[in-house]
Amino acid sequence: MLPIVSTPMEDKEACACHFRALIESGGDAMLAESPDGLVTCWNAGAERMFGYPAADMIGRSIDMLFPLECREEAWLSRERARHGVDRYETCCLGQDGGRMDIQCVVSPILGEQGRVEGFSRMLRDITESRFAKSRIRKLDQLYAALSRCHDAVMRCADEAELFDAVCSAIVAQGEVRFVRVDLLEREGEIRQVARAGSEEENLEALALPIRRNGHPVGSLTFCMAGAFDEEVQDLFERIAEVVNFALDNFARKAAHDRAAEALRESEERFRILADQSLVGIYTLEAGTISYLNAHAAEMFGYKPEELLGRSPEVVVAEEDREMVRNNILLRQSGRERMIRYEFRGRRKDGSTNVVSAHTNLVEIQGRLIPTGVIQDVTERLHSEEVIREYVARIERTILGTVDAISGLVELRDPYTAGHEHRVGHVAAAIAAEMGFDEKFRMGLQVAGAVHDVGKIAIPTEILTMPRRLTALEFELVKDHAEQGFEILSRIDSPWPIAEVARQHHERMDGSGYPRGLAGGEILLEARIIAVADVVESMTSSRPYRAGLGIEKALAELEMNTGRYYDAQVVHACLHLFREKGYVIPS
C-alpha cells in the first residue's frame, strides 16, 4: 500500500469520496484513522472481520480493536508510518471477544504540504494461515521423530538402549514435551524404564500399548501441548509399531542366540564324547583330514595334530590306497552316501593293522563332508559285538549333531529351504525350451542356486516373518539383491551370476529394484531367473500363506507379460508347463 497524498483539487469533497470508494472496494478490512488514532473511515471488510458496523466505529479509538498487550504496537506503527509504509503482524479482537492473528499494513495520508493528516490501515486475517504453518511444522517434527526412531531400531542392541533412544529422539524434535515407557512386571506392577523431557501441567497425554510377539508388555506415553488429532495420533501409533517391531526382533534374536548356544553345547558334548571314545572318529574336507579324535590318531601311532591337514592315504598301506581312494571318490560323487569297508592301515612305525571304516557323506552349509568312524579290528573276533553296539551309539551322536548344525543353517529361512535350487532347475528347463545350449543352461542352474545369497545379510526375523512384511521390512529385504552382487562379484565365474543376483527383481517396465532397469537393460539370464523365481515362489508355501498352485503362478505371468516379464521367456514357460507337463522338482 502506497502513501495516500491529498492533491490540490477544486472539489476536495470529490477527493474524499474517491478515497472512501477505494477503501470500500477492498476485500480486506480497511480503515482510516486520525493522527491520534480515531477511526475516520470503516469499510465493509472491516465490518465483516470485526463485527462492528461503521456507525459504531467512526470517531472511536482503534485501541478497542487490540488486546491490551498489542495497543502499544498499534501506536508505534503510526509513528513508523510517518516515515513510510509499515507492515507488521499482531493480534486483534472481534466484537465477540474472539482473538484473530492479523497482518497489518499502515500507510500515511499526506496533505498538500506533505503533512501527515491521518493513516490508512489494511488488516488481513492470517489466523488460518498461521495455524496451517504451525500444523505443518508440527507434522514435520513428528515425521523427523519417526525417522529417528527407525534409526534407533537399526542401531540399538537391547531393549533398554532402544527405549532410551526412542524417548530422546521424540523429545529432541521439540513438539513433544515429555515421553515415557512403562513395562508391566510379572507381579502386575508397572515400572517406568525410560523417559525424556519434563512433565508439565496442562499437557495432553496419549498412551499407546507396546507389544512383544503380539502380547502387550507395557505402554508408550506421549505428552504435548494441544489436542491429538487423527493424523498426529496415527504418527504416534506408527512410532509404537516401530518399537513393537524392534521388540519382536530382540525376542527372535534371543531365541536364535539360545539355539546357537544349545548347538555350541551340543558340539562341545560331541567333542568331549568323541575325544573319550574307544573308536576313532574323523572328518575329511578338501581331500584332507579336518578332524580326528585321539583314539583315531593313536590307532596309527600318531598324535592328532600330526595328521590334521594331511591326506588320509598317509595311514593306508600302499596296496589298499587305490581302494580307499575310490571309496572316497564314490562318496564325493553322491552315488553312495554311506560306505562300509576294511583296509590295511600303516602305522607311523611302519607296522600294519586292519581297520574297519564306516563313513557317511553329510551336507553342512552346502558342502558334502565325509564323516566316519574307524576301528582297529585286528582283534575283531574278541571285540566285534562291543564295537557294533558302540559304533551305533556314535552314529546316532554324529547324526544328531549334524541335524543340529543343519537346523541352525536353515534357521535363517526354513520356509524357503531348497527354493534357490528349484529356481535353478526351472530356469534351466525354460532355457532348454528356448533352445539354449548346455553351457548356458548350466550357468542358469548355478545362478539360480545362488540368486538369493544376499539374504544372508537380512535379519533372520524378517526372513521368517509369519505375515506380510511392512514397508520398512520390505525395504530391508530388497537390499538382498545388492548384497548378493557384492558377495558374488568376488567370484571369478564363467557366468554372470553376480549380475543375475543383482537384477533378478528388475522388471521389463522399469518398476523393479534395485536399479529400476528396463527391457534390454536387464540380462537375459536375469529375465529367465525372474520368471522361474515367480513360478517357484507362488507354488511354494510361505510363513504367511500356503502355496497358490501352478495355475495361479502361470496366470500371473500371462497377466503381466511384457509389463513385468519378458514375453519370450513367459511363452516358453507356459509351453513347458501346459504342453509338456513339466513338474517342479521337489
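Preceding this section is the structure that the text describes.
Thresholds, definitions, all that
- Numbering of residues begins from 1 in every chain and follows the order in which that chain's sequence is written.
- Local features in this predicted model are restricted to residues whose pLDDT is 70 or higher, and side-chain atom pairs enter the listing and the counts only when it is 80 or higher, whereas totals over whole chains, interfaces and linings include all residues.
- Note that water and hydrogens are dropped before the side-chain values are worked out from all heavy atoms of the structure.
- In this text, helices come from DSSP runs of H or I with a minimum length of four residues, and strands from runs of E with a minimum of two, each type numbered from the N-terminal end.
- Note on contacts: a residue pair qualifies if any of its non-hydrogen atoms lie within 4.5 Å across the two residues.
- Residue exposure ignores everything except the shown protein chains as possible cover, and the areas themselves are Shrake-Rupley values with a 1.4 Å probe.
- Buriedness of a pocket was judged along seven lines, with at least five required to meet protein on both sides within 12 Å; pockets are open sets of points on a 1 Å grid over the protein atoms alone, cavities are sets where a 1.4 Å probe fits but cannot get out, and lining residues have an atom within 4 Å of a point.
- Grid points are joined across faces, edges and corners, and a volume is the space filled by probe spheres set on the points.
- Residue classes follow a fixed rule: Ala, Val, Leu, Ile, Met, Phe, Trp, Tyr, Cys and Pro count as nonpolar, while Asp, Glu, Lys and Arg count as charged, and any other residue, Gly among them, counts as polar.
- For this analysis, a salt bridge means a side-chain nitrogen from Lys or Arg found within 4 Å of a carboxyl oxygen belonging to Asp or Glu.
- Burial classes follow relative accessibility: with a 1.4 Å probe on protein chains only, a residue under 20% of its type's maximum area counts as buried, one over 50% as exposed, and anything between as partly exposed.
- Two strands qualify as a pair provided DSSP detects at least 2 bridges between them.
- All axes are obtained by fitting lines to C-alpha atoms, using only the stretch in contact for helices, and the reported angles, taken between N-to-C directions, cover 0 to 180 degrees.
- Patches draw on residues past 30% relative accessible area with no salt bridge. Two like charges within 9 Å are joined, as are two nonpolar side chains (Val, Leu, Ile, Met, Phe, Trp, Tyr) within 5 Å.
- All tallies of charge rest on Lys and Arg as positive and Asp and Glu as negative; His and the ends of each chain are not included.
- Lysine's charge is taken at NZ, arginine's at CZ, aspartate's at CG and glutamate's at CD.

Enquirer: How would you explain the overall build of the protein chain if you had to name every residue and give the values?
Expert: A tally of regular secondary structure across the protein chain gives 20 helices and 15 strands. Residue pairs at least 24 apart in sequence account for 53% of intrachain contacts in the protein chain once pairs closer than 6 positions are excluded. In the structure as shown, the protein chain presents an accessible area of about 30700 Å², 51% of it carried by carbon and sulfur atoms.

Enquirer: So, empty space enclosed by the protein: which residues are in play, and what are the values?
Expert: Using the criterion set out here, one finds three cavities of 30 Å³ or more in the structure. Its volume calculated, the largest cavity comes out at about 200 Å³. Around the largest cavity sit 17 residues that line it, and Tyr282, Pro312, Val315, Phe343 and Ile374 are the ones nearest its centre. Listing elements by their share of the lining of the largest cavity, those giving two or more residues are strand E11 (280–285), strand E12 (288–292), helix H10 (321–333) and strand E13 (338–346). Looking at which element gives the most residues to the lining of the largest cavity, the answer is H10, with three residues. In the lining of the largest cavity, the residues fall into 16 nonpolar, no polar and one charged.

Enquirer: Could you give an account of the pattern of salt bridges, with specific residues and numbers?
Expert: For the coordinates displayed, the defined rule picks out 29 salt bridges. Across the salt bridge formed by Arg527 and Asp566, the nearest N and O atoms sit 2.7 Å from each other. Linking Arg527 in helix H18 (residues 524–539) with Asp566 in the loop between helix H19 (550–559) and helix H20 (567–579), this pair joins segments that are 39 residues apart in sequence. Here the two residues Arg527 and Asp566 agree in accessibility, since each one is buried. A single network of salt bridges, built from pairs that share partners, joins Glu482, Glu499, Arg502 and Arg515.

Enquirer: Which residues make up the pairing of strand E5 (residues 99–110), and what are the values?
Expert: Burial of E5 is extensive: nine of the 12 residues sit out of reach of the surface. Summarising the sheet, strand E4 (residues 86–93) and E5 pair through eight bridges and their orientation is antiparallel. Among the inter-strand pairings, Glu89 is bridged to a residue of E5, identified as Gln103. Hairpin connection between E4 and E5: a loop of five residues separates the two successive antiparallel strands, and Gly97 in this loop has a positive phi of roughly 90 degrees.

Enquirer: Hey, could you go over the environment of Leu65 for me, with residue numbers and the actual values?
Expert: Residue placement: Leu65 occurs in the loop between helix H3 (54–57) and helix H4 (68–81). Residue classification places Leu65 among the buried positions, given a relative accessible area of 1%. Through-space distance from the C-alpha of Leu65 to that of Arg99 is 9.9 Å; in sequence the pair is 34 residues apart. Contacts of Leu65, omitting those with residues within four sequence positions, involve Leu31, Trp42, Phe50, Tyr52, Met57, Cys92 and Leu93.

Enquirer: Outline the sheet that holds strand E8 (residues 190–197), listing residues and values.
Expert: Two strands in a sheet stick together by hydrogen bonds in their backbones, pointing the same way (parallel) or opposite ways (antiparallel). Taken in spatial order, the four strands line up as E8-E7-E10-E9 in an open sheet, and their pairing is antiparallel. Each edge of the sheet is formed by a strand with only one pairing partner; in this case those strands are E8 and strand E9 (204–212). Ignoring which end each strand starts from, the neighbouring axes of this sheet average 20 degrees apart.

Enquirer: How would you explain a negative patch on the surface if you had to name every residue and give the values?
Expert: Taken together, Glu230, Asp234, Glu237 and Glu241 make up a surface patch of like negative charges. If you trace the backbone, Glu241 turns up in helix H7 (residues 230–275).

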